[in-house]
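Chains, contacts and geometry: an overview
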Amino acid sequence: MRERAEHRRSRPSHGPRAGVLLVPLIDVCPLSALPDGKRLTVEHDDQEIMVVNCGGTILAMEDRCSHDDGDLSEGELDAAACTIECPRHGAIFDLRSGRPMTLPAYQPVDTFPVVIDGDTIKLEVD
Ligand code: FES
């Protein structure tokens, strides 16, 4: 589940820095294991990352509230709106951007690009 892989991302073929950039990927789970409205948490290095299925869109966000380190994955998920409410003090975060929509949080949390490789959910974690 935490296996590392490398993914090649092409850069534009113009300019002096044209070439291929290697982006580290981690495997999360089969796509079928994360149905709409479900979430799970994976660890990468010392970071916990929450992965959520919002209406068929897979999103990934740091599982740590920017206000006071609450575990966001334990909060109330609104899959239709793609938001999650911090269980500690109630800040609501947009899962697409990582930005808080309500106080007391005012700083965003990190989000991670998701790659669907066949039937496997992977995250870019560079
Ligand atoms: S720790 Fe999340 S709102 Fe306070």
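Throughout what follows, the structure given in this document is the object of discussion. (Residues numbered from 1 in each chain as written. Predicted model: local features only at pLDDT ≥ 70, side-chain atom pairs only at ≥ 80, totals over all residues.)

What follows covers the nonpolar core. If you look at soluble globular proteins, the nonpolar side chains tend to sit buried side by side. Counting 24 residues, the largest nonpolar core has Met50, Val51, Val52, Ala60 and Leu95 as the members making the most contacts within it. Put simply, the parts of the chain that give this core at least two residues each are β2 (20-30), β4 (47-54) and β5 (57-62). Ranked by residue count, the leading element in this core is β4, at five residues. Setting aside its immediate chain neighbours within four residues, Ala60 contacts Ile49, Met50, Val51, Thr111, Phe112, Val114 and Leu123. (Core = buried A, V, L, I, M, F, W, Y, C linked by C-beta atoms within 7 Å. Buried ≥ 20, exposed ≤ 12 C-beta atoms within 10 Å, placed from the backbone. Helix = DSSP H or I, 4+ residues; strand = E, 2+ residues; numbered from the N terminus. Contact = placed C-beta atoms within 7 Å.)

With five bridges joining them, β2 and strand β11 (residues 120-124) adopt antiparallel strand pairing. What sits directly across from Ile26, in β11, is Leu123. Of the pairings in the sheet, the one linking strand β10 (residues 114-117) to β11 comprises four bridges and is antiparallel in character. Opposite Ile116, over in β11, you have Ile121 as the bridge partner. The turn linking β10 back onto β11 is made up of two residues, and Gly118 within it adopts a positive phi angle of 70 degrees. (Pairing = 2+ DSSP bridges.)

We now examine the sheet that holds strand β3 (residues 39-44). Ordered in space as β3-β4-β5-β9, the four strands form an open sheet in which the pairing is antiparallel. At either margin of the open sheet sits one strand with a lone partner, and together these are β3 and β9 (111-112). Pairing of β4 with β5 involves six bridges; the strand directions are antiparallel. Following the sheet pairing, Ile49 is matched in β5 by Glu62.

So, about the sheet that holds strand β7 (residues 83-85). Here we have three strands laid out as an open sheet, ordered β6-β7-β8, and antiparallel in their pairing. Edge positions in the sheet fall to β6 (76-78) and β8 (92-94), since each of these pairs with one other strand and no more. With strand direction ignored, the average angle separating the axes of adjacent strands in the sheet is 20 degrees. (Axes fitted to C-alpha atoms, helices over the stretch in contact; angles between N-to-C directions.)

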